[in-house]
Amino acid sequence: MELDRRDDLALLREPVRQSPVAVGEWILARLRGIGAINVVIALGVILSGQVPGWVLGIAPLVAVLVIAMGIASWWRLTFRATTEELIVTRGVFSRETMVIPFSKVQSVSIEEGLLQRLFGLVSASIDTAGSALVEFSIHGIHREQAEALRRLTSQAHQAGNTPAIPSSTLSPPSDPAIHGLTPPTAPALGVQQLAEPRTAVPAQTTVLAKRTPKELMLIGMLGNPLGGLALLGALFVFADDLVDLIGGRLPDINGSSIQPSTSIAVAGLAVAAAVFLLSWIAIGLRTVVVDWDLELSSTDDGLRVNAGLFKRRSQSSRLNKVQSIEVTHGPLLRMVGFCSLRLHTIGSGDLVVPGVSTQELAAIREQVALQFRSNIDRRISRHLVSQRIRVALYMAVPLALATFFLSRRLALIWLIWPLLVAIKAFLFHRSFRWDLAEETVSRRSGILFVTEISMTVAKTQKVEVSQSFYQRKRRLSSISISNAETSLTIPMLALNESRALRDFLLRTPQVVGDQTSS
Amino acid sequence: MNQPIDVANLPQLHDSDFVGVSPDYLKMAAIPFRVLQAGIIAATVVAAILLSPWLILVGLVMVALVQLVPFFRRLAYPYLGYLAREHDFSVRYGLINRTVTTIPFKRIQNSVVNQGPLERRFGLSTLRISSAGGSLSIPGMPFEDATRLRAFVAMNASLLAEDDTDGA
C-alpha cells in the first residue's frame, strides 16, 4: 500500500495542468449551459439570413473572447497533491488557492466525455459534501491522475486497510512529474507502465448489478413513461420557428374557417398519440445512452457505478457513507421484474440504478449491511384516514355552502373532493407498512408507485416525535427520523409506539460498529 | 442477525424529566412586542386626534392582534423544556403541535451559545445544537447554565463521536 501511495503522490507532487483539450471541454460546457436546442436555433436563425449585419460582425469577436477566456482559465488552473491535501490553484483575474484535505473529500467521480475520450482523458469531480468548499470538477486530465486522486481520497478514509494490489507488478514511474503540456505520447508512455497493473480490476470486485441495452430500453420506457415529454418539450416551444426555418407552414387555427369536426378531432388524437409514442421511445433511448453498460459493483473502495455511452461516469462511494436505501416499485416496471434503486450517500452523488432485479437487490442490501426483512408488516393508525377526511371536509363544506347559492352543481363538485381524499387516504393507509429490526428501520408506502426506504439505526442524527392537537386527543403521534442525507417519517403512530421507537433509536449500540456498520 | 427486539424493556425518555427554561424568558421575549404595541398606540393617538376618533378602535384591534404572540408563547411555556441524558440531548416545545426533538451526542457537530443584546440584559441565552441531519435550539436559558451545558455537550460529543469512517 505504501508503494501505491508513493506512486500516487509522485504523480501529483508537482503542479499539474490540464491537457489543452480542457479548453475545448470548457467551451463545450458553456455551450451546453446555453442549451443545445438554443444553439441550434441560433445557428438556424443566423443561417436563414434574418440577422442584421452588425450582429454578424461582432459574433466572431465574441467567439474570440470566449476562446481567450477558455485558454486563460485553462492556463491558470493547476493542481497538486500532498500526503494530506489536494491543492488547486485557479482564477484568471483573482487567484484562488483551494486546499482540500483528502479526508474531507467524500468521493471522486470519474467521467469520460466524448471529446475527452478521443484523447484518452477524463474529468474528475471532487465532492466535499457541502462544506464551505463547493463541489468542482477538473477536466481533461489523464485517467491515471484521476485514479490517483481517487485512491488518495479512499486511503485518507481507510485508516489501516491495505488494498490487495500485488506490489510486484508495479514499476516505478519513469517521469514523476507528468505535465499536461508535454506532447501526448511522452506522458502516455510513462503512464502506461503504471496503468497496466493498476487499472486491472482490484482483487475483490463483485458485480452486483449489470444492465443490457435491451433492459435499459425497457427500464426507460416503463420506469418513466411520461419523462419523454419533457425531452421533446423544448422542441415544441420552438415548433413554429422551426417550421418557419424549414420553409413550411402550420395551419392557422385562430381566425380561420376551419370548423370543429370529428375528423379534426381524430387527427388531433392521432398526432397526440404519435407524439406520446415518440416521447416514449425517446426516453427509452435516452436511458440506453445515459446508462449504457450500467454496472454496479462492490470493490475494495466501496460501491461503484459505471455507466454511460457518450459520457461514461464512474461514481464510487464507500459502504459506510451509504445513509439509506430507497427502492421504488413502479406499476409498469414491476411487470418486467425490476425496481428502481437509490443509495443515498453523504454529499451529492447518490448512487442511482434505474433498474435492479429482486435478487440483485438482496445482494446489494447484504453488501451495505442493511439487512432487510421483506415482510415488514407494522401498520399505522387508521385515524390517518379520518384525519385527512376531516381536513378536507373543513375546507370543502364551507366552500360548498358558499357556492350552493350560486349553483347547485358547483356545490356538488366541492363535495366530491373529500370523497377523493378519502379514497386516496384509505389506499395510502392500506399500503403503509413500517418495521424496526435490530439494525434497520424501514418504511414502505405508495398507491401506484410503492417506495421503500430503509435506514441503519446507528446512523440516526436526529429524532423528532410530534403530536398535533388531533393526535394528542387520541394518544397518537408522528415520528421523524433523520440521518445525514434523508429522513423517514412515520405518521399516526400510537404515542407509546413512537416513544419506544425513539428510545430504541437512541440507545447506544451494545456492539460498537466495525468500519462497515457505522 | 437481525432479530426483533422487545421495546418494552428499553430505557425511556420520560416527559417528567424535562427541565424548564427561565421564567424571565417570557418577559424578555415579550419586549419587542411591547415596543410594537407602544408604537401602534402612539400612532393611533396621533391619527385619532388628526383624523377620526373611530381609529382608536382600529388601534385597539391591532394592539390585541400583536398581543396574541406573547399570549400564545405564555401558553406554550409550561411545555417548553430540555433534557440532557448520558448519550443524547432533547428539547420539547409547541402549543398546538407538540414536538420532542432528540439528537445523540455522538452526532453533534456544533454547539453554540448565542446571546442577543436583549438576552444579555436578562442574563439569558439561546443554546443551539446541530448535527448533520438537523438541529435544535433552546431559547431563554440562563447564560451560565447554557455555557455549562454547552461545554458538557461538546465534551461528550467529542468523546462519543464516531471516527470519520462513517463520514457524518
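This one's a predicted model, so the numbers in the text were calculated from it and none came from an experiment. (Residues numbered from 1 in each chain as written. Chains lettered and ligands numbered in written order. Predicted model: local features only at pLDDT ≥ 70, side-chain atom pairs only at ≥ 80, totals over all residues. Heavy atoms only, no water.)

Visitor: Can you explain the overall build of chain A? Please cite residues and give values.
Guide: Across its full length, chain A holds 16 helices and 20 strands. Out of the 518 residues belonging to chain A, those deemed buried represent 43%. Across chain A, the fraction of contacts at a sequence separation of at least 24, relative to all contacts at a separation of at least 6, is 59%. As displayed, chain A has an accessible area near 26400 Å², and 64% of this comes from carbon and sulfur atoms. (Helix = DSSP H or I, 4+ residues; strand = E, 2+ residues; numbered from the N terminus. Buried < 20%, exposed > 50% of the residue type's maximum accessible area, 1.4 Å probe, protein only. Contact = heavy atoms within 4.5 Å. Areas by Shrake-Rupley, 256 points an atom, 1.4 Å probe, with all protein chains shown as cover.)

Visitor: If you had to explain the packing of aromatic side chains to someone new, which residues and values would you point to?
Guide: For the structure shown, the criterion picks out 8 aromatic pairs over all chains. For R17 of chain A, the ring lying beneath its charged end belongs to W75 of chain A, and the centroid distance is 4.1 Å. (Phe/Tyr/Trp six-rings, centres within 6.5 Å; stacked < 30°, edge-to-face > 60°. Lys NZ or Arg CZ within 6 Å of the ring centre and 35° of its normal.)

Visitor: Run through the packing of helix α13 (residues 383–404) of chain A against helix α14 (residues 408–431) of chain A, naming residues and quoting values.
Guide: All names here are of chain A. In the contact formed by α13 and α14, the axes pass within 8 Å of each other and the chain directions differ by 175 degrees. It follows from the interaxial angle that α13 and α14 lie roughly antiparallel. In terms of residue class, the contact of α13 with α14 is made up of 21 nonpolar, 2 polar and 2 charged. (Axes fitted to C-alpha atoms, helices over the stretch in contact; angles between N-to-C directions. Parallel < 35°, antiparallel > 145°, perpendicular 65-115°, else oblique. Nonpolar A, V, L, I, M, F, W, Y, C, P; charged D, E, K, R; others polar.)

Visitor: Could you give an account of the side chain of R312 of chain A, naming the residues involved and the relevant values?
Guide: Residue and element names in this part refer to chain A. Tracing the sequence through the fold places R312 in strand β11 (residues 312–317). Side-chain polar atoms of R312 contact the backbone oxygen of D293, separated by 3.3 Å. Of the polar contacts made by the side chain of R312, one reaches the backbone oxygen of G308; its length is 2.8 Å. Beyond its immediate chain neighbours, meaning those up to four positions away, R312 contacts I110, E111, E112, R117, W292, D293, N306 and A307. (Polar contact = N/O pair within 3.5 Å; in protein donor to acceptor, adjacent residues only side chain to side chain.)

Visitor: Could you give an account of unusual backbone geometry, with specific residues and numbers?
Guide: Residues and elements named next belong to chain A. Positive phi outside glycine occurs at R475, with the angle close to 55 degrees. Looking at the element boundaries, R475 is found in the loop between α15 (469–473) and β19 (476–482). Positive phi, close to 55 degrees, is recorded for M492, a residue that is not glycine.

Visitor: Quick rundown of the nonpolar core? Include the residues and the values.
Guide: Residue and element names in this part refer to chain A. Counting 25 residues, the largest nonpolar core has L12, F79, L86, I126, F136, I141 and L149 as the members making the most contacts within it. Secondary structure elements with two or more residues in this core: α1 (2–12), β2 (78–81), β3 (85–90), β4 (96–101), β5 (107–112), β6 (121–127), β7 (136–142) and α6 (143–157). In terms of residue count, the dominant contributor to this core is α6 (4 residues). Residue contacts for L149: discarding those within four places in its chain leaves L12, F79, L86, F102, V108 and I126. V441, L488, L501 and F504 belong to the second-largest nonpolar core, a separate cluster that totals 24 residues. (Core = buried A, V, L, I, M, F, W, Y, C linked by side-chain atoms within 4.5 Å.)

Visitor: An account of the pairing of strand β9 (residues 295–299) of chain A is requested, with residue identities and associated values reported.
Guide: Residue and element names in this part refer to chain A. In terms of burial, β9 is a largely internal element, 5 of the 5 residues being buried. Alignment of strand β8 (residues 206–210) against β9, held across 4 bridges, turns out to be antiparallel. Paired with V207 across the two strands is S297, which belongs to β9. Across 5 bridges, the pairing between β9 and strand β10 (residues 302–307) is antiparallel. Within the sheet, the bridge partner assigned to S298 lies in β10 and is L303. (Pairing = 2+ DSSP bridges.)

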